[in-house]
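Fold and geometry: a report
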Amino acid sequence: MHTLLNKPTLIGLSSILIWASLVAVVKLISEALSPISAIALIYSFSAVSILALNGWPKIQSMPKAYVWGCGLLFILYEILFLSSVALSHNHEQVLIIAMINYLWPPLTIIFSIFAQQLHYRYSVIIGFVLSILGLMLVVNPNIFDLQHFGKVLQQNPLAYSLAFIGALLWPCYSVLTKKYAQGHNAVPLFFTITAIALWMIHFILHEPFIFPTLKLWGMIVIAGSLVGIAYSNWNQSLQFGNMKLLILATYFIPILSSDMSMLLLDVSPELSFWMGTILVSIGALICWKSTSENI
């Protein structure tokens, strides 16, 4: 039991809980402020937090493909996903956006297979199809009514599109990081550039800046710092924790995120939403069980 749940593993599990609550927290903060400035404030404190914990990375010694290629994918993912949450029209849309985003676990496995990083069995196809059906069930309880499915997506095409593009970018980042990083960690650099890019977008769009209240400042500082800590701890957990258990836990992020969002945003989803959420997680688990690392 000691080796199963050692300190690095527990720290890694805490990172997963932080990520699961991020969607709801971002929405609560962005509702009180202008959308992009809210995200920029959160990620500014995330950058400070992760720099304080890890220091500035030695970029000169890192592979250029990792720094430039993977860095661009990381920055684009964070901006697109968080913007999609901030641009949601209501709390129900936040739940749909979260589910679109959490297609990344099965997509990561599919992309890893294409990159020849994983061996696979054909049951991986079943897992991927189940995840897609789960997402469709979340968006539209009657998954065979494609016309209604389209109408739901048309309610906020920008936010849903950004979330979907993000769900494609993160698996690309994961696969290419495994190939090019060579043990290096440039995440503090990526966070810093993400924060700067968000502020640039805020000013380019001429978005009004709403000065946060004292309570909001507290939420921003805590949320931003925890996100930075989560990313910092995750790298340590992957090196010294129970890798198999941690990866398994990530496949339950859709369910954890839904629970957190329900509590923080005071939303009561329909039964079909929970069935879809569970299908996404089950599909990801089947994908995980159907693969093994290509050594």
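No experiment lies behind these values; they were computed from the predicted model shown.

Attention shifts here to helix α5 (residues 104-114). Among the eleven residues that make up α5, nine are buried, leaving the element largely enclosed by the rest of the structure. Inspection of α5 places Trp-104, Pro-105, Pro-106, Leu-107, Thr-108, Ile-109, Ile-110, Ser-112 and Ile-113 among the buried residues, and these make up the whole buried set. Count one or two residues on from α5 and you reach Gln-116, which has phi positive near 60 degrees.

Attention now moves to the packing of aromatic side chains. Following the criterion strictly, the structure yields 20 aromatic pairs and no others. Taking the centre distance of 6.3 Å and the plane angle of 40 degrees together, the rings of Trp-199 and Phe-209 count as tilted. Of the two residues, Trp-199 sits in helix α9 (residues 187-204) while Phe-209 sits in the loop between α9 and α10 (214-240), which places them ten residues apart along the sequence. Their ring planes at 85 degrees and their centres at 5.5 Å tell us that Phe-273 and Trp-274 sit as a pair that is edge-to-face.

Below, the discussion takes up the packing of helix α1 (residues 7-32) against helix α2 (residues 35-54). Remark: α1 packs on α2, axes separated minimally by 9 Å, with the N-to-C direction vectors making an angle of 125 degrees. With respect to α2, the axis of α1 lies oblique. Note on packing geometry: the crossing formed by α1 with α2 is right-handed. Within the contact between the two elements, α1 uses Leu-22, Val-26, Ile-29 and Ser-30 and α2 uses Pro-35, Ala-38, Ile-39, Ile-42 and Tyr-43.

Glancing now at unusual backbone geometry. If you check the backbone angles, His-206 has positive phi at about 55 degrees while not being a glycine. Summarising the element assignment, His-206 is placed in the loop between α9 and α10. Although it is not a glycine, Asp-266 sits at a positive phi angle of roughly 55 degrees. Structurally, Asp-266 is set in the loop between α12 (253-265) and α13 (271-289). Judged by relative accessible area, which is 69%, Asp-266 ranks as exposed.

Criteria and cut-off values
- Along each chain, numbering runs from 1 in the same order as the chain's sequence is written.
- Given that this is a predicted model, residues contribute local features only at a pLDDT of at least 70 and side-chain atom pairs are listed and counted only at 80 or more, while totals for whole chains, interfaces and linings are drawn from all residues.
- Side-chain metrics rest on all non-hydrogen atoms present in the structure, leaving aside hydrogens and water.
- Only protein chains enter the accessibility calculation, which uses a 1.4 Å probe; a residue whose area is less than 20% of its type maximum is buried, one above 50% is exposed, and one in between is partly exposed.
- Strands here mean DSSP runs of E at least two residues long; helices mean DSSP runs of H or I at least four residues long; both are numbered from the N terminus.
- Between the rings of Phe, Tyr and Trp (Trp by its six-membered ring), a pair exists once the centres lie within 6.5 Å; its type follows the angle of the planes, with under 30 degrees stacked, over 60 edge-to-face, and the other angles tilted.
- To define axes, lines are fitted to C-alpha atoms, for helices over the stretch in contact only, and angles between the resulting N-to-C directions are given on a 0 to 180 degree scale.
- With respect to orientation, any angle under 35 degrees is reported as roughly parallel, any angle over 145 as roughly antiparallel, any angle of 65 to 115 as roughly perpendicular, and every other angle as oblique.
- Throughout, a crossing is termed right-handed when the near helix is turned clockwise from the far one, and left-handed when it is turned anticlockwise from it by less than a right angle.
- For this analysis, residues touch if any pair of their heavy atoms sits within 4.5 Å.

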